[in-house]
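Observations on the model geometry
Each chain, letter by letter, is given below.
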Amino acid sequence: MNPHEALSEIATLLERERSSRYKSKAFRAAADAIAGLDDEQLRDGAALRRRKGIGDSTFAVIQEALAGEVPAYLVALRERAGVQRASELRSRLRGDLHSHSDWSDGLTSIELMVAAARALGHEYLALTDHSPRLRVANGLSPERLRAQLEIVPTMSGDGFTLLSGIEVDILDDGALDQEPDLLDELDVVVASAHSKLRMERGPMTRRLVAAASNPHVDVLGHVTGRLVEGSRGTRPPSTFDPKPVFEACAAHGVAVEINSRPERQDPPDELITLALELGCLFSIDSDAHAPGQLSLLDYGAERVERLGVPPQRIVTTWPLDELRAWTRRTRDPAG
Ligand SMILES: [Zn+2]
Ligand SMILES: [Zn+2]
């Protein structure tokens, strides 16, 4: 087995099971450290051990891979990941509208996110780093977002498109945390609430309705904000009246996000059913903060298939030109 591939696959599987980012980072650093070395250089154990980024576990993985074995560490991870049968719906998903890079709080560079999206067979991925108010997530100022917009178009090609985007914070009054002119330039705007999630029902409902009615918004992200498992603990869903919120989404063509992260599973099943009845569109997103998390889409697709959402209601089953026509619906005066 190729040692570089073994290290990268381990990082990817660690990310998918959302273990400590330091672990995944160590394997990515080791993969970087041996990039470009030939087998002979790798077999020089003493020199390899002195290399920055190579520790005990990564050294062992390299040795086992060089010996032609699948490293034990990787075998265990593959077993834990299980052989998952992809849902029929998963095979119809063409891309993902919510992901993060190390420009905000993601683990890796845009390049590694794009490489992983291509490897999954995605036709497109929207890069949606956070907006300025999320300081803990290193949210992008207008200047940094403009700098990112210079880079994004250079990442497309060979049947893959990196869409520009943002996950913009919904402020307490429902306004958005980024300059409107800048939002206008983006392919995809995901709007999500990240603070004051315990607002009272009335103001919270008005806040979400305002966001869903904002002409810049394409996707309403993790609408209830709940956390159902995982290292961050649990959090109940926000209290709001879902009917007017989903009615606003349906009226303005805003897609309700199906957030695929296992700790979110947001919205809950009954709200997906309600949004379906009210005529909403959906976007099944990974909200990946690391390359290996792009495959979390499997979980969202499985859930949506079980709930009987028709594929044509899911914008991420659409071909890219249709998707682009949809995200431009409010930006084109003729449309
Ligand atoms: Zn978010
Ligand atoms: Zn996000």
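Look up: the structure comes first, before these words.
The text that follows walks through the structure, step by step, so that each part is easy to find. (Residues numbered from 1 in each chain as written. Chains lettered and ligands numbered in written order. Predicted model: local features only at pLDDT ≥ 70, side-chain atom pairs only at ≥ 80, totals over all residues. Heavy atoms only, no water.)

1. Describing the overall build of the protein
Broken down by element type, the protein carries 14 helices and 7 strands. The C-alpha radius of gyration of the protein comes to 21 Å, within 12% of the 20 Å expected for a compact globule of 335 residues. Over its C-alpha atoms, taken along the principal directions, the protein stretches across nearly 65 × 40 × 35 Å. In the protein, buried positions account for 53% of the 335 residues. Considering only contacts within the protein whose residues lie at least 6 apart along the sequence, 76% involve residues at least 24 apart. Counting only carbon and sulfur atoms, one obtains 51% of the accessible surface of the protein, whose full area is about 14,500 Å². For the protein, the centre of its 40 positive side-chain charges and the centre of its 52 negative side-chain charges are spaced 4 Å apart. (Helix = DSSP H or I, 4+ residues; strand = E, 2+ residues; numbered from the N terminus. Rg over C-alpha atoms; globule rule 2.2 N^0.38 Å. Buried < 20%, exposed > 50% of the residue type's maximum accessible area, 1.4 Å probe, protein only. Contact = heavy atoms within 4.5 Å. Areas by Shrake-Rupley, 256 points an atom, 1.4 Å probe, with all protein chains shown as cover. Lys, Arg positive; Asp, Glu negative; His and termini not counted. Charge placed at Lys NZ, Arg CZ, Asp CG, Glu CD.)

2. Remarks on the pattern of salt bridges
Throughout the structure, instances matching the rule amount to 22 salt bridges. R18 is the salt-bridge partner of E229, the closest N and O atoms lying 3.3 Å from each other. Of this pair, E229 sits in the loop between β5 (219-220) and α11 (242-252) while R18 sits in the loop between α1 (3-16) and α2 (21-34), placing them 211 residues apart in sequence. Overall, E229 belongs to the partly exposed group, its relative accessible area being 33%. The partly exposed category is assigned to R18, whose relative accessible area is 25%. E263 is the salt-bridge partner of R261, the closest N and O atoms lying 2.8 Å from each other. Residue class for E263 comes out buried when judged on its relative accessible area of 8%. Each of the salt bridges in this network shares a partner with another, and the network as a whole consists of R18, E229, R261 and E263. (Salt bridge = Lys/Arg side-chain N within 4 Å of Asp/Glu carboxyl O.)

3. Describing the coordination of the zinc ion (ligand 1)
On the protein side, the zinc ion (ligand 1) has E167 (OE), H194 (NE2) and H222 (NE2) as donor atoms, found 2.1 to 2.2 Å from it. A separation of 3.5 Å is found between the zinc ion (ligand 1) and the zinc ion (ligand 2), which share E167 as a coordinating residue. Taken together, the residues H194 in the loop between β4 (188-192) and α10 (201-213) and H222 in the loop between β5 and α11 connect sequence positions 28 residues apart. Judged by its relative accessible area of 23%, H194 is partly exposed. Overall, H222 belongs to the buried group, its relative accessible area being 2%. (Donors = N, O, S within 2.8 Å, 3.2 Å for Na, K, Ca; no water.)

4. Structural notes on the coordination of the zinc ion (ligand 2)
Perfect tetrahedral coordination of a metal by four donors corresponds to 109.5 degrees between them, and perfect octahedral coordination by six donors corresponds to 90 or 180 degrees. With distances of 2.1 to 2.2 Å, the protein atoms coordinating the zinc ion (ligand 2) are H98 (NE2), H100 (NE2), E167 (OE) and D287 (OD). Along the chain, the residues donating to the zinc ion (ligand 2) are arranged with the sequence spacing H-x1-H-x66-E-x119-D. Among the residues examined, H100 registers a relative accessible area of 0% and is labelled buried.

5. Structural notes on the pairing of β4
In terms of burial, β4 is a largely internal element, 5 of the 5 residues being buried. Going residue by residue along β4, you find V188, V190 and S192 tucked away on one face and V189 and A191 tucked away on the opposite face as well. Two strands pair when backbone bridges link them, and strand β3 (residues 161-169) and β4 are joined in this way by 5 bridges, in the parallel orientation. For I166, the partnering residue across the bridge sits in β4 and is V189. Read as a crossover between parallel neighbours, the route from β3 over helix α9 (residues 180-185) to β4 is right-handed. Strand direction decides the pairing type here: β4 and β5, joined by 2 bridges, are parallel. What sits directly across from V190, in β5, is V219. In this view, the connection linking β4 to its parallel neighbour β5 by way of α10 has right-handed handedness. (Pairing = 2+ DSSP bridges. Right-handed = clockwise from strand over helix to strand, strands pointing away.)

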